[in-house]
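So you can see what is in the structure, the chains are spelled out below.
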Amino acid sequence: MKKISAVLMIMFFAASLAYAADDIFSNIDKNIDGKISKKEYLDAVAGTFDKLDKNHDGSLTHDELSHMDKKDSEMLLKETDTDNDGKILKKEFKQAAKKRFSTLDKNKSGYIDKTEWASGRSELYSPFTLFTL
Ligand SMILES: [Ca+2]
Ligand SMILES: [Ca+2]
Ligand SMILES: [Ca+2]
């Protein structure tokens, strides 16, 4: 019995993740052409940054990431804080987003299509990053 519910839980979790990924995809795809252009992606990322930057000083500090899992915020810092000052500047955030865009755009078409989106997202370290980069 325990085993079955664990499997169900995992299935439910995976399904809700896929759903969330799909939902985010359509949010980012502003012109609804079924693919995400670099501009659409960077616009969405800039929006995320502004949402996270509670005091609007143009950088994200530990405090502003404290709602995240500690491991996740450390990963995010490690990935984005290139000058290692413990703060993520918008520039750094965008830089990381550009890198992520080219990773996701597997066939280098300049767009992320739904297949690339789904496979790329599932490789990411945490469900939380679905909502950040
Ligand atoms: Ca589009
Ligand atoms: Ca800030
Ligand atoms: Ca920094």
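The paragraphs below set out a description of the structure included in this document. Treat the numbers as computed from the prediction; the structure is a model and nothing was measured.

1. A closer look at the overall build of the protein chain
Then, number 1: Summing up its helical and strand segments, the protein chain has five helices and four strands in all.
Then, number 2: Of all 133 residues assigned to the protein chain, the portion counted as buried reaches 17%.

2. A word on the nonpolar core
Then, number 1: Counting 12 residues, the largest nonpolar core is built from Ile36, Tyr41, Val45, Phe49, Leu60, Ile88, Phe93, Ala97, Phe101, Leu104, Ile112 and Trp117.
Then, number 2: Secondary structure elements with two or more residues in this core: α2 (38-52) and α4 (90-104).
Then, number 3: Sorting elements by how many residues they give to this core places α4 first, with four residues.

3. Regarding unusual backbone geometry
Then, number 1: Here isoleucine 32, not a glycine, exhibits a phi torsion of approximately 50°, which is positive.
Then, number 2: Tracing the chain through its elements places isoleucine 32 in the loop between α1 (2-28) and β1 (35-37).

About the criteria used
- Residues numbered from 1 in each chain as written.
- Chains lettered and ligands numbered in written order.
- Predicted model: local features only at pLDDT ≥ 70, side-chain atom pairs only at ≥ 80, totals over all residues.
- Helix = DSSP H or I, 4+ residues; strand = E, 2+ residues; numbered from the N terminus.
- Buried ≥ 20, exposed ≤ 12 C-beta atoms within 10 Å, placed from the backbone.
- Core = buried A, V, L, I, M, F, W, Y, C linked by C-beta atoms within 7 Å.

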